[in-house]
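If you want the building blocks of each chain, they are given just below.
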Amino acid sequence: MSIPRILWSQLAKLNAIEFINTMYVWIFIVPILAKLLENTGSEVRLTIFEYTFEAHLTLPFSWVAFYFSALAFAAANLVFQARCPRIIKEQSNYSEFKRSNRGIEHLDSYLPEIGMNWEGLRQSLERQDEYFSGVAEVENPVMDDGLLRKQFWAAYAQGDASRPVCKFVAFGLYTIGGVLILIVLGQNTIFVTRYLLG
């Protein structure tokens, strides 16, 4: 059984999910509410129109799970922002690269960050395509789109595969956050189902 490859481009899709990016709010809400509940005691009696209610003021498990889920997602986003190569963060494909009017100079600026130089890029392209004709074409700033496309994807693939430990850490944190959210959703679904079924 092989372990599936984790790619920065896959993590970029998780990083772009709005729900994940707004979870950090729970990092601030839960401690404030916990402090408020701590000061009021664990049980409070409320009388409203001759009816007395007992309220148990303890922090619900779902809030605790939301808190730790938010911490995991925030840490994953931090690792992603700090360690994901710019070529992955700034565009998801060659069309975006071209639409942003980026060219060979931008590609050149990405190479050192992903541990590649023009010779490494040339060798990568030679392995991918025997048609590649040499360094002279790579160094020529006026080139056809086909060669630039090949160079982009070779650099993109190198960036996608770089920094495996950081990718694993970010993926693990996203997974922990996701599992905690699923637990909360499962518990709430069970609670509502029991309530509706009587």
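The shown structure was predicted, so the numbers you read here are calculated from the model rather than taken from an experiment.

Caption draft 1: Molecular detail of the pattern of salt bridges. Taken as a whole and judged by the stated rule, the model has 3 salt bridges. Here Arg86 and Glu90 are joined by a salt bridge, their closest N and O atoms 3.6 Å apart. In this pair, Arg86 and Glu90 both sit in helix 5 (residues 86-90), 4 residues apart, roughly one turn of the helix. Taking the relative accessible area as the measure of exposure, Glu90 reaches 33% and is therefore partly exposed. Among the ionic pairs, Arg86 bridges to Glu113, the shortest N-O distance being 3.6 Å. With a gap of 27 residues between them, Arg86 in helix 5 and Glu113 in the loop between helix 7 (104-110) and helix 8 (118-128) connect regions that are remote in the sequence. The partly exposed category is assigned to Arg86, whose relative accessible area is 30%. Overall, Glu113 belongs to the partly exposed group, its relative accessible area being 26%. Salt bridges linked by common partners bring Arg86, Glu90, Arg102 and Glu113 together as one network.

Caption draft 2: Looking closely at the nonpolar core. Formed by 36 residues in total, the largest nonpolar core has its most connected members in Ile87 and Leu107. It is helix 4 (residues 61-83) that contributes the most residues to this core, 7 residues altogether. With residues up to four places along the chain from it excluded, the contact list for Ile87 reads Leu107, Tyr110, Phe152, Ala155 and Tyr156.

Caption draft 3: Quick look at the side chain of Asn77. Of note, Asn77 is situated in helix 4. Among the polar contacts made by the side chain of Asn77, one reaches the side chain of Asn15 at a distance of 2.9 Å. What Asn77 contacts, discounting residues up to four positions off in sequence, is Asn15, Ile20, Asn21 and Tyr174.

Caption draft 4: Layout of a nonpolar patch on the surface. On the surface, Tyr24, Val25, Phe28, Ile29, Ile32 and Leu36 cluster together into a nonpolar patch covering about 570 Å² of accessible area. Using a relative accessible area of 44% as the deciding quantity, one classes Tyr24 as partly exposed.

Caption draft 5: Just the side chain of Ser162, in detail. Tracing the sequence through the fold places Ser162 in the loop between helix 10 (145-161) and helix 11 (164-197). Look at Ser162 and you get buried, because its relative accessible area is 10%.

Quick notes on the rules
Counting from 1, residues in each chain are numbered in the order their sequence is written. In keeping with the model being predicted, local features are shown solely for residues with a pLDDT of at least 70 and side-chain atom pairs are shown and tallied solely at 80 or more, while totals for entire chains, interfaces and linings include all residues. The side-chain figures draw on all heavy atoms in the structure; neither hydrogens nor water molecules are used. Each reported salt bridge corresponds to a side-chain nitrogen of Lys or Arg within 4 Å of a carboxyl oxygen of Asp or Glu. Every helix listed is a DSSP run of H or I at least four residues long, and every strand listed is a run of E at least two residues long, numbered separately from the N terminus. Categorising residues by exposure relies on relative accessible area from a 1.4 Å probe, with only protein chains included: less than 20% of the type maximum marks a residue as buried, more than 50% marks it as exposed, and the intermediate range marks it as partly exposed. The nonpolar core is taken to be a set of buried Ala, Val, Leu, Ile, Met, Phe, Trp, Tyr and Cys residues, with the residues joined through side-chain atoms within 4.5 Å. Contacts between residues were defined by any pair of non-hydrogen atoms, one from each residue, lying within 4.5 Å. Residues adjacent in sequence count toward polar contacts only when both atoms are side-chain atoms; beyond that, a polar contact is any pair of N or O atoms within 3.5 Å, and within protein one must be able to donate a hydrogen and the other to accept it. Two joining distances apply to patches: 9 Å for like charges and 5 Å for nonpolar side chains (Val, Leu, Ile, Met, Phe, Trp, Tyr), and every residue must have over 30% relative accessible area and no salt bridge. Note on areas: Shrake-Rupley, 1.4 Å probe, and residue coverage restricted to the protein chains presented here.

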